[in-house]
Amino acid sequence: MGLGTFGGTVAELLARFGSRVPGIDISEQVAGRLADELAQVPIADDEDALRRAGLEHPDVAIAAIGEDLQPSILCAMNARLRC
């Protein structure tokens, strides 16, 4: 969740090592940049993004939203509830 500098790099590396990596970002431009490398990249900006994207039970979730701490905390909490 969050495919900027940190999140995008982590997602790309995991995908290169053979992991099935979905990503979520609010920016259509960022999502488009990684669409060919990741399993899926929905554009989402609210707490229901995981459910709508079909990612209700992830094995691992990384909240990489650097601009504001609150969205990172909410994403991590929502991902934890779905794991």
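Refer to the structure printed above.
Our subject in this report is the structure included herewith. (Residues numbered from 1 in each chain as written. Predicted model: local features only at pLDDT ≥ 70, side-chain atom pairs only at ≥ 80, totals over all residues. Heavy atoms only, no water.)

1. Points about the nonpolar core
A general feature of soluble globular proteins is that nonpolar side chains tend to end up buried together.
Move 1: Counting residues in each nonpolar core, the largest one holds eight residues, listed as Leu3, Ala11, Val21, Val30, Ala31, Leu34, Leu38 and Val41.
Move 2: Considering every element that reaches this core, the biggest residue donor is helix H2 (residues 28–34), with three residues.
Move 3: Setting aside anything within four residues of it in sequence, one finds Leu34 in contact with Leu3, Gly8, Glu12 and Val41. (Core = buried A, V, L, I, M, F, W, Y, C linked by side-chain atoms within 4.5 Å. Buried < 20%, exposed > 50% of the residue type's maximum accessible area, 1.4 Å probe, protein only. Helix = DSSP H or I, 4+ residues; strand = E, 2+ residues; numbered from the N terminus. Contact = heavy atoms within 4.5 Å.)

2. Overview of helix H1 (residues 5–16)
In an α-helix, one full turn covers 3.6 residues, which means residues spaced three or four apart are oriented alike.
Move 1: The terminal C-alpha atoms of H1 lie 16 Å apart, and with twelve residues this matches the ideal 16 Å at 1.5 Å per residue to within 8%.
Move 2: By the burial criterion, the buried members of H1 are Gly7, Gly8, Ala11 and Glu12. When H1 is viewed along its axis, its buried side chains cluster within an angular range of 125° and face the same direction. Turned more than 90 degrees from where H1 packs its buried face, Thr5, Phe6 and Arg16 sit exposed.
Move 3: Among the structural elements, H2 are those in contact with the buried residues of H1.
Move 4: Positive backbone phi, at 100°, marks Gly18, one or two positions downstream of H1. (Expected span 1.5 Å × (residues − 1). Arc of directions from axis to C-beta.)

3. Structural notes on the environment of Gln29
Move 1: Looking at the secondary structure, you find Gln29 in helix H2.
Move 2: Of the residues examined, Gln29 reaches a relative accessible area of 71% and is grouped as exposed.

4. Points about the side chain of Asp25
Move 1: By the element assignment, Asp25 lies in the loop between H1 and H2.
Move 2: Put simply, Asp25 is tucked away with no salt bridge, and the nearest opposite charge, on Arg33, sits 7.1 Å away.
Move 3: Polar side-chain contacts of Asp25 include one of 2.6 Å to the backbone nitrogen of Leu3.
Move 4: A distance of 2.8 Å separates a polar side-chain atom of Asp25 from the backbone nitrogen of Ser27.
Move 5: Ignoring any residue separated from it by four or fewer positions in sequence, one finds Asp25 in contact with Gly2, Leu3, Gly4, Val30, Pro42, Ile43 and Ala44. (Lys, Arg positive; Asp, Glu negative; His and termini not counted. Salt bridge = Lys/Arg side-chain N within 4 Å of Asp/Glu carboxyl O. Polar contact = N/O pair within 3.5 Å; in protein donor to acceptor, adjacent residues only side chain to side chain.)

5. Examining the environment of Ile43
Move 1: Relative to the assigned elements, Ile43 resides in the loop between H2 and helix H3 (49–52).
Move 2: The class for Ile43 is partly exposed, based on a relative accessible area of 45%.
Move 3: Once the C-alpha coordinates of Ile43 and Ala31 are considered, the two residues, twelve residues apart in sequence, prove to be 6.7 Å apart.
Move 4: Once you skip the residues sitting within four places of it in the chain, Ile43 turns out to touch Asp25, Ile26, Ser27, Glu28 and Ala31.

Shape descriptors only; they carry no functional weight alone.
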